[in-house]
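Topology and contacts: notes
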Amino acid sequence: MYREWIDVLQTAPLFRGIDKEELNTMLGCLKPRVKRYKYREIVALCGTPLSGIGIVASGKVALTRETYSGNRIMLGILGSGSIFGETAAFSNDRTWPVTVIANEDCQLLFLPPDKIRGNCSNICPAHSILILNMLNILSNKALMLNKKIEHLSAKSVRGKISSYLLEENRQTSKTAFMVQMKRHELADYLGIPRPSLSREMAVMKKEGIIDYDGSWVKINDILTLERLIE
C-alpha cells in the first residue's frame, strides 16, 4: 500500500538507515494515514488537536504562526521527506503548535506518535533505529530554533538579513547560493515587512555588500555582514 512512497521516505531523516523491505514492514505496523491537499489549503490550525506526526511525501508545506496583532510569521518551508508536528507529539500538550498550510499541491502521511515510541507489535528490528532517528530530529529542531532566535534578536532589519545570510553561508559552505524561500516568505520568517526587506537588500546590493538576482544571492563582504549583526 505504501510502496509508491518508499523511495521518498527512505530519504527522510526519520527513516535513515532502514532498508526498503524493513521500511515497508514498519509502515504496515505504523499504518499512517495518507491525505492530499491543494495549494493554500490548511493542513492544521495552531491550537487544534494533533492528528499525528506529518511527513511530506510530495509537494511542500509552510509552517506559520499568527501574532496577537494578526501578523503572520513564516517559520519555514518543508519539502519531500520532511516531518512536522514531532515536538508536540511527544509533549503533554497534544495540539498543533503552528498552522500548517499547503505551499503547493502535496501528499502527506500522518504517523501515530504512540506507535513510534511504543513497542512494535511485529517486533521490527528497525524500530530502535526509528526511535534514535526521532531523538536526532528533535535535537536538530532545537538547534534550528536557536538559530532562528539569533536572526530575530538582531536589532535592525539589516542585522536580521545579515544573520540569515551568514547562516546560509555556513550551511552551504558557499558565498553564492539559492534562498529556498520566496521574498515574502523570507520577510515573514525574519519578522519584518516585505517592503522593508526588499528596500534594505537593494541598499546592501548598491553598497556592494551582497549581490542577488531573484532567489540567487551572493555574499561579497562577509566581514561587513558579521559587523552588522553585532
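So, here's what we can say about the structure. (Residues numbered from 1 in each chain as written. Predicted model: local features only at pLDDT ≥ 70, side-chain atom pairs only at ≥ 80, totals over all residues. Heavy atoms only, no water.)

**What about the side chain of Thr224?**
Tracing the chain through its elements places Thr224 in helix α9 (residues 222-228). When its relative accessible area of 13% is taken as the criterion, Thr224 is described as buried. A polar contact is formed between the side chain of Thr224 and the side chain of Asp221, at a distance of 2.6 Å. (Helix = DSSP H or I, 4+ residues; strand = E, 2+ residues; numbered from the N terminus. Buried < 20%, exposed > 50% of the residue type's maximum accessible area, 1.4 Å probe, protein only. Polar contact = N/O pair within 3.5 Å; in protein donor to acceptor, adjacent residues only side chain to side chain.)

**Considerations on helix α6 (residues 157-172)**
For α6, spanning 16 residues, the distance from its first C-alpha to its last is 23 Å, which sits close to the expected 22 Å at 1.5 Å a residue. With 12 of 16 residues buried, α6 lies mostly within the body of the structure. Of all the residues in α6, the buried ones are Arg158, Gly159, Lys160, Ile161, Ser162, Ser163, Tyr164, Leu165, Leu166, Glu167, Glu168 and Asn169. Looking one or two residues beyond α6, the residue adopting positive phi is Ser173, at roughly 60°. (Expected span 1.5 Å × (residues − 1).)

**Comments concerning the packing of helix α5 (residues 127-153) against α6**
Running from N to C, α5 and α6 point in directions that differ by 150°, and their axes come no closer than 7 Å. By the angle between their directions, the pair α5 and α6 is classed as roughly antiparallel. Residues Lys147, Glu150, His151 and Leu152 of α5 touch α6, and the partners they reach there are Lys160, Ser163, Tyr164 and Glu167. Residues of the contact of α5 with α6, tallied by class, amount to two nonpolar, two polar and four charged. (Axes fitted to C-alpha atoms, helices over the stretch in contact; angles between N-to-C directions. Parallel < 35°, antiparallel > 145°, perpendicular 65-115°, else oblique. Contact = heavy atoms within 4.5 Å. Nonpolar A, V, L, I, M, F, W, Y, C, P; charged D, E, K, R; others polar.)

**Digging into the sheet that holds strand β9 (residues 176-178)**
Strand pairing in a sheet relies on backbone hydrogen bonds, with the paired strands running either antiparallel or parallel. In spatial order, the strands read β9-β11-β10; together these three strands make up an open sheet with antiparallel pairing. For this open sheet the edge positions go to β9 and β10 (210-213), each flanked by a neighbour on one side alone. The average angle at which neighbouring strand axes cross in this sheet is 20°, direction not considered. With four bridges joining them, β10 and strand β11 (residues 216-219) adopt antiparallel strand pairing. By the bridge assignment for β11, Tyr212 is matched with Val217. Packing against the sheet, α6 makes contact with β9, β10 and β11, and its axis sits at approximately 95° to β9. (Pairing = 2+ DSSP bridges.)

**Notes on the packing of α6 against helix α8 (residues 194-206)**
Following both chains from N to C, one finds α6 and α8 inclined at 75°, their axes separated by 10 Å at the closest point. As summarised for this structure, α6 and α8 are arranged roughly perpendicular, according to the angle between their axes. Contacts from Val157, Arg158, Ile161 and Ser162 in α6 reach Ser196, Leu197, Glu200, Met201, Val203 and Met204 in α8. Classifying every residue of the contact of α6 with α8 gives six nonpolar, two polar and two charged.

**Focus on the packing of aromatic side chains**
Applying the stated criterion across every chain, the model contains three aromatic pairs. Taking the centre distance of 5.8 Å and the plane angle of 35° together, the rings of Phe84 and Trp96 count as tilted. Taken together, the residues span a long stretch of sequence, with Phe84 in strand β6 (residues 83-84) and Trp96 in the loop between α3 (86-89) and β7 (99-102) at a distance of 12 residues. Of the two residues, Phe84 and Trp96, both sit in the buried class. Measuring from ring centre to ring centre gives 6.2 Å for Phe84 and Phe110, while their planes differ by 90°; the resulting arrangement is edge-to-face. Placement of Phe84 in strand β6 and of Phe110 in strand β8 (residues 106-111) is noted, with a sequence separation of 26 residues between them. Assigned by exposure class, Phe84 and Phe110 land together as buried. Of the aromatic side chains, those joined through ring pairs into one cluster are Phe84, Trp96 and Phe110. (Phe/Tyr/Trp six-rings, centres within 6.5 Å; stacked < 30°, edge-to-face > 60°.)

**Section: the pattern of salt bridges**
Side chains that differ in sign of charge can pair as their charged atoms come close. Using the criterion set out here, one finds five salt bridges in the structure. With its nearest N and O atoms 2.8 Å apart, the salt bridge here joins Glu200 to Arg158. Placement of the pair is Glu200 in helix α8 and Arg158 in helix α6, with a sequence separation of 42 residues. Glu207 is the salt-bridge partner of Arg158, the closest N and O atoms lying 2.9 Å from each other. Linking Arg158 in helix α6 with Glu207 in the loop between α8 and β10, this pair joins segments that are 49 residues apart in sequence. Here the salt bridges share partners, and the residues they tie into one network are Arg158, Glu200 and Glu207. (Salt bridge = Lys/Arg side-chain N within 4 Å of Asp/Glu carboxyl O.)

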